[in-house]
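# Summary of structural features
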Amino acid sequence: MISGTFSIIQQSLSLGCFPRVKIVHTSAKYKGQVYIPEVNYLMMLACVGVTIGFKTTKKIGNAYGIAVVFVTILTSSFGVLIMIVIWKIHIILVILYVVVMGSIELLYLSSVLYKFDQGGYLPLAFSLILMTIMYIWNDVYQRKYYYELNNKVSTDMVKELATSTNFRRIPGLAIFYSELVHGIPPIFKHYMENVSALHSALVFVSIKSLPISKVPMEEQFLFRRIKPKDLFVFRCVVRYGYTDMRSEEEPFERLLVERLKEFIKEEMMVFTTLTPSNRDNVSMELQEEFISSENESEDAKRIEEGSRHQEDVNKVIKAVERAVGAGIVHLIGETEVIAGKGSRLGKKVLINIGYNILKRNLRQTDKVIDIPHKRFLKVEMI
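Our subject in this report is the structure included herewith. Just so it is clear, the model here is predicted, and its values are computed rather than measured. (Residues numbered from 1 in each chain as written. Predicted model: local features only at pLDDT ≥ 70, side-chain atom pairs only at ≥ 80, totals over all residues. Heavy atoms only, no water.)

### Side note on the pairing of strand β6 (residues 233-240)
In terms of burial, β6 is a largely internal element, seven of the eight residues being buried. Where strand β4 (residues 197-209) and β6 come together, eight bridges link them in parallel fashion. For S209, the partnering residue across the bridge sits in β6 and is Y240. Relative to β6, strand β5 (residues 221-226) runs antiparallel, the two sharing six bridges. Following the sheet pairing, R225 is matched in β6 by F234. (Buried < 20%, exposed > 50% of the residue type's maximum accessible area, 1.4 Å probe, protein only. Helix = DSSP H or I, 4+ residues; strand = E, 2+ residues; numbered from the N terminus. Pairing = 2+ DSSP bridges.)

The structure is reproduced here in structure tokens:
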């Protein structure tokens, strides 16, 4: 039961249906073996509270009996869905299964329901609490994500803000963390409008956990440059497996900078690679001279273009190195979610009270990402 609880919460967390908790993978070989310290402590307190509250094993047994019967009914219900949707079993056989198994399980359920007021309410109360937490978190999580997705900052807007007369560039590298994988989050516009300054190099980072053991080092960092290129703004998705460990000897920001340099070189590699010209053997001397001169001219252009792009690579890498030398700052975008004016009372309670209580009392983003607090700045937007 304990390991099953850990596994269910891990899957709920990956789907955005549960608040952030610390997940420890205890096996590098088997991905399902996990341990969640916060949940373990809560279960310990719940066990102590139930023991003190019920005082006798009779009420605990009643609660356990109702829990087992309801689990059996839910398992059979999901089995029926699998029969219909996945296995495509004939509907007559499905109905036969439902009649036989349903009769047996309803018989068991009727035998334990009379003990509902004698401790049987406990598993249903726990289920109601967990479902409320999951519903609140998932509902607000989706609202916030789709708001950011629908209000992404366009590259034209970034260029317009960067070229504004009231805007200036300051030396340094800024690492801006966001959950949004595609595009620039709207909180960046809020930051630029209020600060009116941007570091000489900026990297938007999204950290994602994959359901695999390890992600190869060369595939952990996925970069993309945001145009216009002279702004030195990049997009990065960092992918980790559940057994990937971050070493103190290789800090995250150092790895990020090294992979960024490699990306800049690889991006320009296509322009610096020359392919030999294919020259056809023709019989006429004039055609040979014409094709030869044409190929030489084309090769010269490509060499000139390749050298120009190599200069651009060196220029960008030097700009990144200067920015790193001036200092690295970590910016975390936090969107404060509140119910809008004129919202229903239920929505205000769900967002303003329920979600914010969960957010304040569970793991914060800076602890999840594990960044140095001396160079940490949180940017909030309502």
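Here the narrative resumes, following the displayed structure.
### Looking at the packing of aromatic side chains
By the definition in use, this model includes nine aromatic pairs. Pairing F54 with Y121 gives two aromatic rings, centres 6.3 Å apart and planes at 90°, and the pair type is edge-to-face. Taken together, the residues F54 in helix α2 (residues 37-54) and Y121 in helix α5 (residues 121-150) connect sequence positions 67 residues apart. On the basis of relative accessible area, F54 is assigned to the buried category, the value being 11%. Put simply, the rings of F221, F223, F234 and F263 touch in pairs and so form one group of aromatic residues. (Phe/Tyr/Trp six-rings, centres within 6.5 Å; stacked < 30°, edge-to-face > 60°.)

### What to know about α5
One turn of an α-helix holds 3.6 residues; hence residues three or four places apart share an orientation. In this model, α5 (30 residues) spans 43 Å end to end at C-alpha, consistent with the 44 Å of a helix rising 1.5 Å per residue. Restricting attention to buried positions, one finds in α5 the residues L122, P123, I136, W137, N138, D139, V140, K144 and E148. (Expected span 1.5 Å × (residues − 1).)

### What about unusual backbone geometry?
One non-glycine residue with positive phi stands out, namely K55, at about 70°. Mapped onto the elements, K55 comes out in the loop between α2 and α3 (57-85). Its identity is not glycine, yet K88 carries a phi of approximately 60°, on the positive side. Position of K88 relative to the elements: it lies in the loop between α3 and α4 (91-113). K88 sits in the exposed class, given a relative accessible area of 63%.

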